[in-house]
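Structural features, examined
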Amino acid sequence: MITDTRLTIETPEGTDLPLTPAGLGARGAAYVLDFLIYMGVLIGLSIVTSFFGSLGWAANVIGGFLIFWFYPVYFEVWQKGQTPGKKYMKLLVINEDGTPITFAASTLRNLLRVVDALPAFYCVAIVSSILSNKFQRLGDIAAQTLVVYADEEISLTQANDLGYRPVPAGLTTDEQRSFLDFTDRCKKLSVDRQNELASILQPMLGSNDPVKAIKQIANTMSMGSKKK
Amino acid sequence: MKQGQFEAQYEKDWQAFEYTVEKLEDANNSFVEELKQSEAAEFTRLYRRICHLHSLVLSRGYSSNLADKLSSLIARGHKQLYQRKHTSRYKFIRFFTVEFPVLIRRESHWFWLATLLLYGPGLLFFAATLIQPELVYTILDPGNVDKFESMYNPENRILGAARDSETNWRMFAFYISNNIGVSFRCFASGLMWCIGSIFFLVFNSLLFGAVAGHLTNVGYTETFFTFVVGHGSFELTAIAISGAAGMKLGYSILVPGNLTRIESLKRAASVAIKLVYGVFAMLVIAAFIEAFWSSNNLLEPWQKYLVGAALWAIVFAYLFLSGRGADGPE
């Protein structure tokens, strides 16, 4: 879980909704995918319509027009905020207040692509989203929309066979989360790196093997939600 | 209370809530339409309860797994509870009969400025071309001039026969994609400090002035003006409105007043996009007229001018009269 770009929206009930705006890389990749799909559909359409004479030509032109301007709008409004490319990249578009995107907002942000795409390769959009703390391109700013990471199914930390250890008292939720995240990330970290990171907590844990201690604590934490 | 006890006690609440949320997510309807009244009341009650439980979990420092689970449930519930209503058919009709014309009148300063930019330079250039015919080549290259000449040459007209319907459909498709594309660009590029919109308006104005002036010089006035008079009503007005909407965007950034530039842009944009809906509808109508009426050669010129005048009257009556009184004082 990325914590540093997180954004919270306070709901009327006083709860903070966590949102993670998506950065350039993920959005760029989603765009490239969408672009390929879009080109594929256009080519397919022109092949199919070429068999139907000049009415086919008319259908091709109108179809091409609609796809060019409304491909993203259709998916954003009627397919839960996700174009196929965004879906693949696990992104979605929402209103700034965390609610599903509306037709007006989606149309606006997609029409303003014209400006975002200037002068070439979405340079304006790139500069705008780098300068914006929510990674918004101009279209997003005007339409008050955000591209965020879709919520993933919460995967419970896999328990390991290292045994249990009492959870230190007074940890905040974020601190607890970092214990679990560390345990998850260990699969991708070298042993040296694991030790290096875990040794930061050495004074607090008071254990000779802080890596093991953290994993044991994580075990106890993840057990909490299964134990009856 | 230990976390285990807490979970045992309240688990059925969030399970019930999750069940309803899943049902709503699959249904794609808003919860008001999907649930019975009692169920909807229960849904909102459970939602507030989960929010409450979530803050208990945070303040008591229960495991982050539980906090994350509840917060994701809240996020999903929030989406269902606070989503905007989809536009109903009634609102759709009301938009075109009341809201759009009222909006044009409220933003009439932009509308008139855009209209001036769309007609002014063109009329001047039209007059200049009449006096100095070579001026047309400053806007159009000779190849294009030839193309326009042959398009409107009365001798090329197949007398007594309207175009066949397939050609009409082809032209309809072309007008839709070309004209609406131009108006969308004219609108969107206004975001750049109005420059884009002004450019599109003035450029199209000069182009029209040059073509009209040149065709008048070579004496093809009848074919040309009987062609454009009909659909021009909807098309030119719609292009002017798209330019007005674009300039409103750009101006909101240039002169934000007491607001921040971003806030000013957001407010202008939510109004401007409504103008674009209207532009879209007007251009679809214009494309129909252009493809199926304007191209009809069977009619006498006076009939086309008469219908053309009626269409202009309809457009202006619509924009300046429709919805009057329905929305209170303007």
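Residues numbered from 1 in each chain as written. Chains lettered and ligands numbered in written order. Predicted model: local features only at pLDDT ≥ 70, side-chain atom pairs only at ≥ 80, totals over all residues.

Moving on, we come to the overall build of chain A. The helix and strand tally for chain A stands at eleven helices and four strands. Its C-alpha radius of gyration of 24 Å places chain A more than 25% over the 17 Å reference for a compact globule of 228 residues. C-alpha extents for chain A along the principal axes are approximately 80 × 40 × 40 Å. Intrachain contacts of chain A at a sequence separation of at least 6 include 61% that bridge at least 24 residues. (Helix = DSSP H or I, 4+ residues; strand = E, 2+ residues; numbered from the N terminus. Rg over C-alpha atoms; globule rule 2.2 N^0.38 Å. Contact = placed C-beta atoms within 7 Å.)

Along its length, chain B carries 13 helices and zero strands. Its C-alpha radius of gyration of 29 Å places chain B more than 25% over the 20 Å reference for a compact globule of 330 residues. If one aligns the C-alpha atoms of chain B with their principal axes, the spans along those axes are about 95 × 45 × 45 Å. Taking all 330 residues of chain B together, the buried fraction comes to 40%. (Buried ≥ 20, exposed ≤ 12 C-beta atoms within 10 Å, placed from the backbone.)

A word on the domain arrangement of chain B. What the domain assignment lists for chain B is domain 1 (3–82) and domain 2 (89–321). A separation of 52 Å is found between the C-alpha centroids of domain 1 of chain B and domain 2 of chain B. (Domains from an automatic or database assignment.)

Right, let's talk about the environment of T167 of chain B for a bit. Residues and elements named next belong to chain B. The topology assignment puts T167 in helix α9 (residues 165–188). Overall, the presence of 14 C-beta atoms within 10 Å leaves T167 in the partly exposed class. Between the C-alpha atom of T167 and that of F292, which follows or precedes it by 125 residues, the distance is 9.6 Å.

Taken residue by residue, the interface counts 48 residues in chain A and 53 residues in chain B. For the side of chain A that touches chain B, the secondary structure elements donating two or more residues are β2 (16–19), α2 (53–78), α4 (103–111), α5 (113–116), α7 (138–143), α8 (173–185) and α11 (210–224) of chain A. At nine residues, the largest contribution of residues to the side of chain A that touches chain B is made by α2 of chain A. A per-class count over the side of chain A that touches chain B returns 26 nonpolar, 17 polar and five charged. (Nonpolar A, V, L, I, M, F, W, Y, C, P; charged D, E, K, R; others polar.)

With that out of the way, let us pick up helix α11 (residues 221–254) of chain B. Its 34 residues give α11 of chain B an end-to-end C-alpha distance of only 42 Å, which falls more than 12% under 50 Å, the value for a rise of 1.5 Å per residue. Of all the bends found along α11 of chain B, the most pronounced is centred on G232 of chain B and spans about 60 degrees. (Expected span 1.5 Å × (residues − 1). Bend = angle between axes of the 7 residues up to and from the residue.)

Helix-helix packing: each pair is described by the crossing angle between the helix axes and the interaxial distance. All names here are of chain B. Here helix α3 (residues 37–60) crosses helix α4 (residues 64–82) at 150 degrees, and the two axes come no closer than 9 Å. Here α3 lies roughly antiparallel to α4, going by the angle between them. Between α3 and α4 the crossing geometry is left-handed. Only L66, A67, L70, S71, L73, I74, G77 and L81 of α4 make contact with α3, whose side of the interface consists of T44, Y47, I50, C51, L53, H54, V57 and L58. Its residues assigned to classes, the contact of α3 with α4 comprises twelve nonpolar, four polar and no charged. (Axes fitted to C-alpha atoms, helices over the stretch in contact; angles between N-to-C directions. Parallel < 35°, antiparallel > 145°, perpendicular 65-115°, else oblique. Left-handed = near helix turned anticlockwise from the far one by under 90°.)

On to the pairing of strand β3 (residues 91–95) of chain A. All names here are of chain A. With respect to burial, β3 is a largely interior element, five of its five residues being buried. The side-chain alternation of β3 yields two buried faces, one formed by L91, V93 and N95 and the other by L92 and I94. Where β3 lies against strand β4 (residues 145–149), five bridges are found, and the strand directions are antiparallel. Following the sheet pairing, N95 is matched in β4 by T145. (Pairing = 2+ DSSP bridges.)

Moving on, we come to the domain arrangement of chain A. One frequent convention defines the size of an interface as the accessible area lost when the parts assemble. Each assigned domain of chain A is listed with its residue range as follows: domain 1 (7–149) and domain 2 (173–221). Inter-centroid distance (C-alpha atoms) of domain 1 of chain A to domain 2 of chain A is 40 Å.

Here we come to the nonpolar core. When a protein is soluble and globular, its nonpolar side chains tend to lie buried together. By size, the foremost hydrophobic cluster in this structure holds 80 residues, and its most contacted members are L112 of chain A together with A114, I241, A244 and A269 of chain B. Sorting elements by how many residues they give to this core places helix α12 (residues 261–294) of chain B first, with 14 residues. Grouped together as the second largest cluster of nonpolar side chains are 19 residues, V21, Y47, I50 and A67 of chain B included. (Core = buried A, V, L, I, M, F, W, Y, C linked by C-beta atoms within 7 Å.)

Positionally, C186 of chain A belongs in the loop between α8 and α9 (191–198). In sequence terms C186 of chain A and Y122 of chain A are 64 residues apart; their C-alpha atoms lie 38 Å from each other.

The next subject is unusual backbone geometry. Residue and element names in this part refer to chain A. Note the cis peptide between L118 and P119, where omega equals -20 degrees. Structurally, the position occupied by P119 is in the loop between α5 and α6 (123–131). The backbone of K90 sits at a positive phi, close to 60 degrees, despite the residue not being glycine. Here K90 shows up in the loop between α3 (84–88) and β3. In this structure K90 comes out as partly exposed when scored by C-beta crowding, with 15 C-beta atoms within 10 Å.

Glancing now at the pairing of β2 of chain A. In regular strands, side chains alternate between the two faces of the sheet. Residues and elements named next belong to chain A. Examined bridge by bridge, strand β1 (residues 7–10) and β2 share four bridges and lie antiparallel to one another. When the bridges of β2 are listed, T8 appears paired with P18. In this structure, the hairpin formed by β1 and β2 is closed by a connection of five residues, where G14 is found at a positive phi of approximately 85 degrees.

Residues and elements named next belong to chain B. One can describe the packing of α9 onto α11 by two numbers: an axis separation of 7 Å at closest approach and a directional angle of 25 degrees. Looking at the two axes, α9 sits roughly parallel to α11. Residues N179, S183, C186, F187 and A188 of α9 pack against E235, A238, I239, S242, G243, A245 and G246 of α11. Each residue belonging to the contact of α9 with α11 can be placed in one class, and the counts come to six nonpolar, five polar and one charged.

Now for the environment of I9 of chain A. Among the secondary structure elements, I9 of chain A is positioned in strand β1. Each C-alpha atom, one on I9 of chain A and one on R177 of chain A, is 20 Å from the other, the two residues being 168 residues apart in sequence.

With that out of the way, let us pick up the confidence of the model for chain B. Residues and elements named next belong to chain B. Chain-level pLDDT for chain B is 86 on average; 93% of the residues reach the 70-or-more range. Mean pLDDT values for the elements of chain B range from 66 in helix α2 (residues 31–34) up to 94 in helix α6 (residues 108–131). Interface confidence for the predicted complex, expressed as ipTM, amounts to 0.82; the pTM equals 0.81. (pLDDT = per-residue confidence, 0-100.)

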